[in-house]
Amino acid sequence: MRHLIVNLIGPQASGKTTIAKELGYPVVITTTTRQPRQNESSNTYNFVSKEEYSKNEYIMPTKINGNLYGVNKEIFEAMYNKYKVITIVTDLEGTKYLKEKYKDKVLTILVVSSKDYLKKRLLERNGVEIDLKDYDYSKVIDYSDKIVLNNTCDNLEFNRKEIKNAVNQILLNQSLL
């Protein structure tokens, strides 16, 4: 069976996780030691203590604001082997890892959003205005196979269709090889 990893990358609050869920493919859940945000469900992240985190092996580990993040290696490999298509949200280092290890079995989607949209989403998410650093798209563009604009909820259905079309094209091309 041919496999494909749909990898979403982009700035914080650009809608990567929302798009991942909307695609309808199984989503690889990242494990983190950070506390859940208000109204954040456990199907967004696997929230664990630092002690529990240290008991597993992780791929693409990273540390953000003192919190550990990573993808449980055993769970990732099981999902990859079980499903034809899986979805994951990563950062630049995670994208590099996937591209190096899985090569043409990775479709990386760069989710682009305006700074105003990101600020609005972060305010809604956190209840306070956050000083948003500029996201350096130039660092990730070379690793991206497709770019989608996500500035409103209206874009969601269009983006879902665009990504699914790209996935289907890749799967079709793989089956012809």
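Numbering of residues begins from 1 in every chain and follows the order in which that chain's sequence is written. Local features in a predicted model are, by the rule used here, given only for residues with pLDDT of at least 70; side-chain atom pairs are given and counted only at 80 or more, and totals for whole chains, interfaces and linings are based on all residues. The side-chain values count all of the structure's non-hydrogen atoms but skip hydrogen atoms and water molecules.

Visitor: How should the pattern of salt bridges be read in this particular structure?
Guide: Any two side chains of opposite charge can pair, on the condition that their charged atoms come close. In what follows, salt bridge is the name for a side-chain nitrogen of Lys or Arg lying within 4 Å of a carboxyl oxygen of Asp or Glu. In this structure the tally under the stated criterion is five salt bridges. Linking Lys96 and Glu93 is a salt bridge whose minimum nitrogen-to-oxygen distance equals 3.5 Å. One end of the pair is Lys96 and the other is Glu93, both in helix 4 (residues 92-102) and three residues apart, which spans about a single turn. Accessibility expressed as a relative area gives 31% for Lys96, which makes it partly exposed. For the salt bridge of Asp104 with Lys105, the shortest nitrogen-to-oxygen distance reads 3.9 Å. Burial classes follow relative accessibility: with a 1.4 Å probe on protein chains only, a residue under 20% of its type's maximum area counts as buried, one over 50% as exposed, and anything between as partly exposed. A relative accessible area of 52% means that Asp104 is categorised as exposed. A residue is classified by how much of its surface remains accessible, and Lys105, at 24% relative accessible area, is partly exposed. Runs of E in the DSSP output that reach at least two residues are strands. Runs of H or I that reach at least four are helices, and both are numbered from the N terminus.

Visitor: What's the story with the sheet that holds strand 7 (residues 106-112) in this structure? I'm lost.
Guide: Strands in a sheet are paired, the pairing made by backbone hydrogen bonds, and the direction either parallel or antiparallel. One requirement defines pairing of two strands: DSSP has to find at least two bridges between them. If you trace the four strands from one edge of the open sheet to the other, you get 6-1-7-8, paired in parallel fashion. Of all the strands in the sheet, the pair left with one neighbour each is strand 6 (85-89) and strand 8 (146-149). Averaged over all pairs of adjacent strands, the angle between their axes in this sheet comes to 25°, without regard to strand direction. Where strand 7 meets strand 8, four bridges bridge the pair, whose relative direction is parallel. Note on geometry: axes are C-alpha line fits, over the in-contact stretch for helices, and angles between N-to-C directions span 0 to 180 degrees.

Visitor: How should I be thinking about the nonpolar core in this particular structure?
Guide: Within soluble globular proteins, side chains that are nonpolar tend to cluster in buried spots. Side-chain atoms within 4.5 Å are what join buried Ala, Val, Leu, Ile, Met, Phe, Trp, Tyr and Cys residues into a set we call a nonpolar core. Counting 16 residues, the largest nonpolar core has Val6, Ile163 and Val167 as its most contacted members. Elements that contribute at least two residues to this core include exactly strand 1 (4-9), helix 1 (16-22), strand 7 and helix 6 (154-176). No other element matches the four residues that helix 6 contributes to this core. Note on definitions: a residue-residue contact is assigned when non-hydrogen atoms from the two residues lie within 4.5 Å. For Val6, the contacting residues outside a window of four places in its chain are Leu23, Val85, Ile86, Thr87, Ile88, Leu107, Ile109, Ile163 and Val167.

Visitor: Is there a simple way to explain the packing of aromatic side chains in this structure?
Guide: Aromatic ring pairs: the centre-centre distance and the angle between the two ring planes describe each pair. What counts as a ring pair is set by centres within 6.5 Å for rings of Phe, Tyr and Trp (its six-membered ring), and what kind of pair is set by the plane angle: stacked under 30 degrees, edge-to-face over 60, tilted for all other angles. For the coordinates displayed, the defined rule picks out six aromatic pairs. Their ring planes at 55° and their centres at 5.9 Å tell us that Tyr45 and Phe47 sit as a pair that is tilted. With 5.8 Å between their ring centres and 70° between their planes, Tyr45 and Tyr69 make a pair best called edge-to-face. One end of the pair, Tyr45, is in strand 3 (residues 45-47); the other, Tyr69, is in strand 5 (residues 67-72), with 24 residues separating them in the sequence. One aromatic cluster is present, formed by Tyr45, Phe47 and Tyr69 through successive ring pairs. Only Lys NZ and Arg CZ are tested; either one counts as a charge over a ring when it is within 6 Å of the ring centre and within 35 degrees of the ring normal. Over the ring of Tyr25 we find Lys164; its NZ or CZ atom is 4.5 Å from the centre of that ring.

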